[in-house]
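Okay, here's what each chain looks like letter by letter:
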Amino acid sequence: MSPTLNVSSSPHIYSSESIPKIMIGVVLSLVPATLGAVYFFGLNAVVLIVMAVASAVGTEALCQKLRGAPLKIDDFSAVVTGILLAFNLPSNAPWWMAIVGSAFAIAVAKEVFGGIGFNIWNPALAGRAFLLASWPTSMISSADFPAPRDGSLSGLKLDALTQATPLQFIKNVIGPLLKEPGEAGAAKLEAAHQALAQMSTASYYGSLFWGQVGGVIGETSAALLILGGVFLLVKGYIDWRVPVGFIGTVALLAWIFGGPQGYFTGNVLFHVLSGGLLLGAIFMATDMVTSPVTRKGKWVFAVGCGAITVLIRIKGGYPEGVSYAILLMNTATPLIDAYTKPKVYGGK
Amino acid sequence: MLKIATFKGGVHPPDSKEITRDRKVEPLTPPAKVVLPLQQHIGAPLEPVVAPGDLVKVGTLIAKPTGFVSVPLHATVSGKVKSVGEEMHPAGVRMQSVVIESDGQDAWEEFIAPAGDWSALTAEELKKRIQEAGIVGLGGAAFPTHVKLSPPAGKKIDTFILNCAECEPYLTADYRQTLERTGELVTGMQMIARILGCERVLVAVETNKPEAIQALDQAVGDLAGFEVAPVETKYPQGGEKQLIQALTDREVPTGGLPMDVGCLVQNVSTALSVFDAVTRGRPLLDKVVTLTGQGLKNPGNYLVRVGMLVQDLLAAVEGGIDEEIGKVVMGGPMMGIALPGLDVPVLKGTNGLVIFRNPVAVAPHHPCIRCGKCVDSCPVRLMPCELALFAENERWEKCREYFAKDCIECGSCSYTCPAGRNLVQLIRYGKFTVMNQGRLQKK
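Small disclaimer: the values here were computed from a predicted structure and weren't measured. (Residues numbered from 1 in each chain as written. Chains lettered and ligands numbered in written order. Predicted model: local features only at pLDDT ≥ 70, side-chain atom pairs only at ≥ 80, totals over all residues.)

Visitor: What should I look at first to understand the overall build of chain B in this one?
Guide: Along its length, chain B carries 13 helices and 17 strands. Its C-alpha atoms give chain B a radius of gyration of 22 Å, near enough to 22 Å, the size a compact globule of 443 residues would have. Seen through its principal axes, chain B has C-alpha atoms that stretch 60 × 55 × 50 Å. The buried share among the 443 residues of chain B stands at 55%. (Helix = DSSP H or I, 4+ residues; strand = E, 2+ residues; numbered from the N terminus. Rg over C-alpha atoms; globule rule 2.2 N^0.38 Å. Buried ≥ 20, exposed ≤ 12 C-beta atoms within 10 Å, placed from the backbone.)

Structure representation (structure tokens):
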């Protein structure tokens, strides 16, 4: 007599990859930056991260119930969103912002579309954009960023704002001074040039690299973010084309257009190491759901992100453009996929 | 020897060949009963020339072809024809088959060997022997070999590739035959090359078979035009289109055949059957089948008479059927078919039986997370995630636009999908619909 046999379609063996495995891998890769956030910014960073994660997972469960969908919160994707959303908050953000931001990210930017795999925009960045639009002063008021640990820039005789993030400093302090030197006065102009010079020193780059500058809690330490990124690359959880294309484009365009003294004088290292570029290029732009599936498409996406980032940084109203660059390119992803279909084997 | 070649894409499942790679081919005692389906290959079904009650010997013609793309079928045990009627086929359908009950004598027909050396025969005479022996492509597709070896005028074959890649995990049938019948294999290749009038012969072997590479290197020696070509151990390296691309840098055009780029690929078992047919007039009667899987008592490579029921094979080798058997796959684990029951016969195209124990692995189904791993692994450069979504939503025009027809159903995409989506099954659905739409429209 035949035993009861399983009859299913080929293939009959599967690789050991799974969504929870990938998501847990991403969480692990964020651990260095999380520890850095706590070290640089203190206890409130812990509160924000915990609140954001709890809110993300809770919102996902609630939405699934409302949708009548089966409960599925064990793939760890909401945990990743929670951590990344928290990383986009300044360290003295109130705890309820973490909750509201995460709830928006999951409910409006993910569950409304059908849950994991169906969203068009990166949920964490959509959450950040929502918070920024709703409570701008809490999100970007420079007075809310703690002073850089190494005390850089603090010796200069400039109004307040020595506690700004590097990019804010360039856009809101240095930029206007250089544009209208007449009004500012010679001493201030001199201070501005000194600041620029100081921001080109090895010690300043060191601060940028290790994370001793102002910023939102997840973006400051290049070293810790890169460490996580290497882990993700080795495991194959992110495609190298996106961070390389994104960062490379920013480097190139910042070099060409970013210098205050004309073309090809931009400070490449400064642009690559400051702001949310590394966080965005390594952990946000590489989000699989919201970026193209084709190889060529990933390049197009990455270059687009880089170009828009530099455009906003140099010409736009905000000091940092990474979030909007990624959100805009997320919008273009289905189109990019349609136009970068690989040439079929044997095709013309 | 050429340096190691490969194609873009593919996956690396664990090869699991250590279970049977060192087991010599062992012939099994002919079974008490064989079931021979009248449709074992692409082409017109056969017409039986025997009736219940007829006495047959091993090798007696029992069904004849009804068209050019068809080969005859021979009795694989001696005894009496029990019935000609519908029997269960491995694909899960009932099909016209000839059932023969053995008399236990194993009496064989007299086969006619050629008068002199085979090299005196013309290409036409060689092909006639191949057709009369009932030889079909034994790599799995089972296409009548004499037809494959008759490309239309204007399609000159300049490269003949012998497929000893055996890229499916678990299977070692081709590997063992390569080691144990190397000289005859090389002669079989020479015969095929002669039929094609082709001067360049590449013997493709995956790098996980170093002993085979060595044996072939020695056997091929200085034969003009012959080269042993190692290929990277990767699935599906043995797909004929992938082999052609890896070894010649040419791509078979979509909708076309290897002959369109001057190439032709044949499997090891096919070449050996050609040798047997030409030198001894022996028809295709038996197959080397790798019986493998976890927890078997006697896994190995067995020479099995075509038509032997799987349950009889398991009884002969394993001493019976274990209640713990959860799934039996005929073929390899990537492209084989899961059998609905064990009372189905071994076919001409069977090269493996993989036993999976309970609990059977089932892929969890999540929505597509657009990771792109399927796109990266597809050896035909399709977008499996998109094709599967289109098929699921019955968007047939999109399936056609995304080349569903070109899918070789190798399983690389489903294997690698972290969401566990049934990509191959969905794409097959789309492919089938697209192909049949065309046929229906023509009417």
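Visitor: Looking at this model, I keep getting lost on the overall build of chain A. Mind explaining?
Guide: The helix and strand inventory of chain A stands at 16 helices and zero strands. A compact globule built from 348 residues should have a C-alpha radius of gyration of about 20 Å, and chain A, at 22 Å, falls within 12% of that. Its C-alpha atoms give chain A principal-axis dimensions of about 95 × 55 × 30 Å. Buried residues in chain A amount to 53% of all 348 residues. Here the contacts in chain A between residues at least 6 apart in sequence split such that 70% fall between residues at least 24 apart. (Contact = placed C-beta atoms within 7 Å.)

Visitor: For this particular structure, what's the right way to read the pairing of strand E10 (residues 200–206) of chain B?
Guide: Both faces of the sheet carry side chains from a regular strand, because those side chains alternate between them. Residues and elements named next belong to chain B. The buried count for E10 comes to six of seven residues, which makes it a mostly enclosed element. In this structure, strand E9 (residues 159–164) lies alongside E10, joined through six bridges in parallel fashion. Within E10, the residue paired with cysteine 164 across the bridge is valine 205. Two strands pair when backbone bridges link them, and E10 and strand E11 (residues 226–231) are joined in this way by six bridges, in the parallel orientation. Following the sheet pairing, glutamate 206 is matched in E11 by valine 231. For the crossover from E10 across helix H5 (residues 210–220) to E11, the handedness is right-handed. (Pairing = 2+ DSSP bridges. Right-handed = clockwise from strand over helix to strand, strands pointing away.)

Visitor: Mind showing me how you'd approach the interface of chain B and chain A here?
Guide: Where interface size is given, it is often the accessible area lost as the parts come together that is meant. In this assembly, 56 residues from chain B lie in contact with 33 residues from chain A. Of all the secondary structure elements, the ones that give two or more residues to the side of chain B that touches chain A are strand E15 (325–330), strand E16 (337–338), helix H12 (412–416) and helix H13 (423–442) of chain B. The element contributing the most residues to the side of chain B that touches chain A is E15(B), with five residues. Residue classes in the side of chain B that touches chain A are distributed as 35 nonpolar, 13 polar and eight charged. (Nonpolar A, V, L, I, M, F, W, Y, C, P; charged D, E, K, R; others polar.)

Visitor: What is the right way to read unusual backbone geometry from this model?
Guide: The phi angle of most residues is negative, glycine excepted, and most peptide bonds adopt the trans form. Look at the link from A:Ser10 to A:Pro11: it is a cis peptide, with omega at -5 degrees. Examined against the element boundaries, A:Pro11 turns out to sit in the segment before helix H1 (19–41). Residue B:Pro236 is reached from B:Tyr235 by a cis peptide bond, and omega for that bond is -5 degrees. Within the secondary structure, B:Pro236 is located in the loop between E11 and helix H6 (240–248). In the Ramachandran plot, A:Phe76 falls in the positive-phi region, its phi being about 70 degrees despite a non-glycine side chain. Looking at the element boundaries, A:Phe76 is found in the loop between helix H2 (43–67) and helix H3 (77–87). Given 18 C-beta atoms within 10 Å, A:Phe76 falls into the partly exposed group. Of note in this structure, B:Asp249 is not a glycine but carries a positive phi near 65 degrees. Looking at where B:Asp249 falls in the secondary structure, it is placed in the loop between H6 and strand E12 (263–267).

Visitor: Sorry if this is basic, but what is going on with the domain arrangement of chain B here?
Guide: Residue and element names in this part refer to chain B. According to the domain assignment, chain B contains domain 1 (17–21 + 113–280) and domain 2 (373–442). Each of domain 1 and domain 2 has a C-alpha centre, and these two points are 29 Å apart. Facing six residues of domain 1, the contacting portion of domain 2 comprises six residues. Along the lines of polarity and charge, the residues of the side of domain 1 that touches domain 2 split into two nonpolar, three polar and one charged. (Domains from an automatic or database assignment.)

Visitor: Just to check I follow, could you spell out the sheet that holds strand E17 (residues 352–357) of chain B for this structure?
Guide: Adjacent strands of a sheet form backbone hydrogen bonds with each other and so pair up, either parallel or antiparallel. Residue and element names in this part refer to chain B. What the six strands build is an open sheet, ordered E1-E14-E13-E17-E15-E16; its pairing is mixed. Strands at the two margins of the open sheet, each flanked by one partner only, are strand E1 (26–27) and E16. Here helix H3 (residues 173–180) sits on the sheet and contacts strand E13 (286–293), strand E14 (300–305) and E17; the angle it forms with E13, its principal contact strand, is near 125 degrees. (Axes fitted to C-alpha atoms, helices over the stretch in contact; angles between N-to-C directions.)

Visitor: What am I meant to see in the nonpolar core here?
Guide: Note on soluble globular proteins: their nonpolar side chains tend to be buried together. Core analysis: the largest hydrophobic core is formed by 127 residues, its most contacted members being A:Leu48, A:Ala52, A:Ile83, A:Ala86 and B:Leu387. It is H1(A) that contributes the most residues to this core, nine residues altogether. When residues no more than four places from it in sequence are discounted, the contact partners of A:Ala86 are A:Leu48, A:Ile49, A:Ala52, A:Ala98 and A:Ile217. Membership of the second largest hydrophobic core comes to 111 residues, among which are B:Leu162, B:Phe226, B:Leu272 and B:Val288. (Core = buried A, V, L, I, M, F, W, Y, C linked by C-beta atoms within 7 Å.)

Visitor: Please clarify how the domain arrangement of chain A should be interpreted in this entry.
Guide: Residue and element names in this part refer to chain A. Taken domain by domain, chain A comprises domain 1 (19–143) and domain 2 (238–340). Here the C-alpha centroids of domain 1 and domain 2 sit 22 Å apart. At the interface, 13 residues of domain 1 touch eleven residues of domain 2. Residue assignment for the side of domain 1 that touches domain 2 shows that the elements contributing at least two residues are H3 and helix H5 (123–134). Broken down by element, the residue count for the side of domain 1 that touches domain 2 peaks at five residues, all from H5. For the side of domain 1 that touches domain 2, the residue count by class is nine nonpolar, three polar and one charged.

Visitor: When you look at the environment of A:Leu327 in this model, what are you seeing that I'm missing?
Guide: All names here are of chain A. For leucine 327, the position within the fold is in helix H16 (residues 322–339). Along the sequence, leucine 327 and cysteine 305 sit 22 residues apart, while their C-alpha atoms lie 8.7 Å from each other. Beyond its immediate chain neighbours, meaning those up to four positions away, leucine 327 contacts Trp121, Asn122, Leu125, Ala126 and Ala129.

Visitor: Help me understand H2(A) in this model?
Guide: One turn of an α-helix holds 3.6 residues; hence residues three or four places apart share an orientation. Residue and element names in this part refer to chain A. With 25 residues, H2 ought to run about 36 Å at 1.5 Å a step, and its terminal C-alpha atoms sit 36 Å apart, in line with that. For H2, the full list of buried residues reads Ala45, Leu48, Ile49, Met51, Ala52, Val53, Ser55, Ala56, Val57, Thr59 and Glu60. Taken together, the buried residues of H2 touch H1, H3 and helix H4 (95–107). Positive phi appears at glycine 68, one or two residues downstream of H2, with a value of about 75 degrees. (Expected span 1.5 Å × (residues − 1).)

Visitor: Please explain the environment of A:Val300 as it appears in this structure.
Guide: Residue and element names in this part refer to chain A. Within the fold, valine 300 resides in helix H15 (residues 295–315). Of the residues examined, valine 300 has 21 C-beta atoms within 10 Å and is grouped as buried. Sequence spacing of valine 300 and isoleucine 336 is 36 residues, and the spatial spacing of their C-alpha atoms is 7.5 Å. Setting aside its immediate chain neighbours within four residues, valine 300 contacts Ile336 and Thr340.

Visitor: I tried to follow the sheet that holds strand E3 (residues 47–48) of chain B on my own but got confused; where do I start?
Guide: Residues and elements named next belong to chain B. Within the open sheet, the three strands sit side by side as E3-E5-E6. Their pairing is antiparallel. Both outer strands of the open sheet, E3 and strand E6 (73–74), are each paired with one neighbouring strand and no more. Relative to E6, strand E5 (residues 61–64) runs antiparallel, the two being bridged by two bridges. When the bridges of E6 are listed, alanine 63 appears paired with leucine 73.

Visitor: How do you make sense of the confidence of the model for chain A when you look at a structure like this?
Guide: When pLDDT drops low, the exact placement of atoms in the prediction is not to be read closely. Counting all residues, the mean pLDDT for chain A is 87, and 91% of those residues have values of 70 or more. Within the model, pLDDT remains below 50 along residues 155–162 of chain A, and this stretch shows 15 contacts once partners closer than five positions in the same chain are excluded. (pLDDT = per-residue confidence, 0-100.)

Visitor: Just to check I follow, could you spell out helix H10 (residues 384–392) of chain B for this structure?
Guide: Residue and element names in this part refer to chain B. With eight of nine residues buried, H10 lies mostly within the body of the structure. Among all positions of H10, only Pro384, Cys385, Glu386, Leu387, Ala388, Leu389, Phe390 and Ala391 are buried. Note on H10: the residue one or two positions beyond its end, glutamate 394, has a positive phi of about 55 degrees.

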